[in-house]
Amino acid sequence: MTTLVDKLACENLKALVPYESARRLFAASDNNQDAQIPVWLNANESPFANDYVLDCERLNRYPDCQPRSLIRTYAAYARVYDTQLLVSRGADEGIELLIRAFCTSGKDRILICPPTYGMYAISAQTCNVGVDIAPLNADFTLDLEAIKAFKDKVNVVFICSPNNPTGTSVAAEQIKQVLTHFADSALVVVDEAYIEFDLKSSFARRIADYPNLVILRTLSKAFALAGIRCGFTLANEAIIHTLLKVIAPYPMPEPVAQIAAQAISSKGVSIMAEQVNIIGLEKNKLKQGLKAFSEIELVGDDKANFILFRCAQKQALMDFLVSNKMFIRDQSKQYSLANCLRITVGSAQQNAQLLALINQFYQTLGTPT
Ligand SMILES: *Cc1c(COP(=O)(O)O)cnc(C)c1O
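What counts as what
Residues numbered from 1 in each chain as written. Predicted model: local features only at pLDDT ≥ 70, side-chain atom pairs only at ≥ 80, totals over all residues. Heavy atoms only, no water. Domains from an automatic or database assignment. Contact = heavy atoms within 4.5 Å. Buried area = accessible area lost by both parts, 1.4 Å probe. Polar contact = N/O pair within 3.5 Å; in protein donor to acceptor, adjacent residues only side chain to side chain. Helix = DSSP H or I, 4+ residues; strand = E, 2+ residues; numbered from the N terminus. Core = buried A, V, L, I, M, F, W, Y, C linked by side-chain atoms within 4.5 Å. Buried < 20%, exposed > 50% of the residue type's maximum accessible area, 1.4 Å probe, protein only. Pairing = 2+ DSSP bridges. Axes fitted to C-alpha atoms, helices over the stretch in contact; angles between N-to-C directions. Parallel < 35°, antiparallel > 145°, perpendicular 65-115°, else oblique. Left-handed = near helix turned anticlockwise from the far one by under 90°. Phe/Tyr/Trp six-rings, centres within 6.5 Å; stacked < 30°, edge-to-face > 60°.

Some points on the domain arrangement of the chain
It is common to give the size of an interface as the accessible area lost on bringing the parts into contact.
In step 1: For the chain, the assigned domains are domain 1 (2-48 + 268-365) and domain 2 (59-267).
In step 2: Listed per partner, the contact involves 32 residues of domain 1 and 37 residues of domain 2.
In step 3: Both faces combined, the contact of domain 1 with domain 2 buries some 2600 Å², and carbon together with sulfur accounts for 66% of it.
In step 4: When the area that domain 1 buries against domain 2 is broken down by residue, the three leading residues are Tyr19, Lys303 and Tyr335, summing to 22%.
In step 5: Applying the counting rule to domain 1 against domain 2 returns 15 residue pairs in polar contact (both at pLDDT 80 or more).
In step 6: Elements represented by at least two residues in the side of domain 1 that touches domain 2 include exactly helix H10 (266-291) and strand S10 (306-310).

Here we look at the nonpolar core
In step 1: Leu219 and Leu234 are the most contacted members of the largest nonpolar core, which has 88 residues in total.
In step 2: At 6 residues, helix H12 (residues 348-365) tops the list of elements feeding residues into this core.
In step 3: Counting the residues that make up this core, at least three belong to each of domain 1 (2-48 + 268-365) and domain 2 (59-267).
In step 4: Discounting chain neighbours no more than four positions away, the residues touching Leu234 are Tyr74, Ala78, Val80, Gln84, Leu85, Ala204, Ile207, Leu213, Val214, Ile215 and Arg217.
In step 5: Grouped together as the second largest cluster of nonpolar side chains are 27 residues, Cys103, Ala124, Val129 and Ala235 included.

Thoughts on the sheet that holds strand S3 (residues 109-112)
Consider a sheet: its strands pair through backbone hydrogen bonds, and that pairing is either parallel or antiparallel.
In step 1: As summarised here, the arrangement of the 7 strands in space is S2-S8-S7-S6-S5-S3-S4, forming an open sheet in which the pairing is mixed. On the outer flanks of this sheet lie strand S2 (85-88) and strand S4 (130-133), each paired with one strand and no other. Ignoring which end each strand starts from, the neighbouring axes of this sheet average 25° apart.
In step 2: Where S3 and S4 come together, 4 bridges link them in parallel fashion. Pairing of Ile110 across the sheet is with Val131, part of S4.
In step 3: Together, S2, strand S7 (213-218) and strand S8 (231-235) form the strand contacts of helix H3 (residues 68-78), whose direction differs from that of S2 by roughly 120°.

A closer look at the packing of helix H4 (residues 90-102) against helix H5 (residues 119-126)
In step 1: Relative orientation of the contacting elements H4 and H5 amounts to 45°, with a least axis distance of 9 Å. Classified by the interaxial angle, the pair formed by H4 and H5 is oblique. Both H4 and H5 take part in a crossing whose hand is right-handed. Packed against H4, whose contacting residues are Asp92, Ile95, Glu96 and Ile99, the element H5 presents Met119, Tyr120, Ser123 and Ala124 at the interface.

Section: the packing of aromatic side chains
In step 1: As enumerated under the stated definition, the model contains 11 aromatic pairs in all.
In step 2: Summarising the aromatic geometry, the rings of Trp40 and Phe327 are spaced 4.5 Å apart at their centres and angled 20° between planes, so their arrangement reads as stacked. Taken as a pair, Trp40 in strand S1 (residues 39-40) and Phe327 in strand S11 (residues 326-327) lie far apart in primary sequence, 287 residues in all. Considered together, Trp40 and Phe327 belong to a single accessibility category, that of buried residues.
In step 3: A ring pair is formed by Tyr120 and Phe158, whose centres lie 4.6 Å apart and whose planes are at 10°; its orientation type is stacked. One end of the pair, Tyr120, is in helix H5; the other, Phe158, is in strand S5 (residues 156-160), and 38 residues separate them in sequence. For the pair Tyr120 and Phe158, a shared accessibility class is recorded, and that class is buried.
In step 4: Aromatic rings pair up to connect Tyr74, Tyr77, Phe223 and Phe232 into one cluster.

Structure, rendered in structure tokens:
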């Protein structure tokens, strides 16, 4: 059997391993029976779980591919036209659709700016599309010279702002330069998964100005709906029309469409804004708490719902936290992020628990290096 699989599996998949999502990494820790409740601060999820109602009347029918009321409501929220919007299974599906629709397998390439979100490269690799890199500068700004050198060499440029995992937003002036430089040669995708934590940085209003601009959004972070898998792609009508050629016929399950519509209603948006405020206050408290440890150096910025830091004993600290069922995310394999760990801002109680554990680690276990 294995030999048949080896014989038939696509060549470009052979060296790949399934994505180690935050959830997969510690999946086993979720369902055992001991007293300690696991704390998940590793996937930039919201600590809030909001309530929704479900109408089961239409569950016998196939759902709309692009549910009209959902499109209309999110378009109004994002201030774009309905025709400039695509809804998909998370922003992750948006990334894959862009690569499948605009990069020819075995021939075309994308450009990424590490350290950044992992799915751009993974989606490209699974589609047999090449990945070029123009690493961020030491201060995590874009290296414009390096990026510009890829003109006519790549079809899609991915820019994440606010960037996961550095928490830095890219200056509008830098994004404009990239858009202009690649105006006739590549799509520039601005991933705004965390934009609700830094609203003023959004590029959504500029879709009419830049025909090669694409924006990714999600309900997984500020809207506290990672569990329903719902994301949006914003771009001009021609780009959206092309993406509709590759999307599945029924990508949006009816319950997802219903819950998403409630989340982006005016009531839903005000609940989101309130929760973003609370997370902001908690983020400041957590930052202050971390700064008190001389062994810990904060890295990057705080424009999203997570904090990145560097510490020499990153592995020992990580192991200690895991043994206490406190899960944060190791980012140390990322470009220029040696010894870096990322913490999602959780509830007041979870953050306090994390700080107490870090304190315990340095009091009792941490040995000077
Ligand atoms: C979480 C995240 C996504 C994925 O969002 P989903 O809608 O859950 O697929 C995309 N981009 C970045 C930068 C993210 O951090």
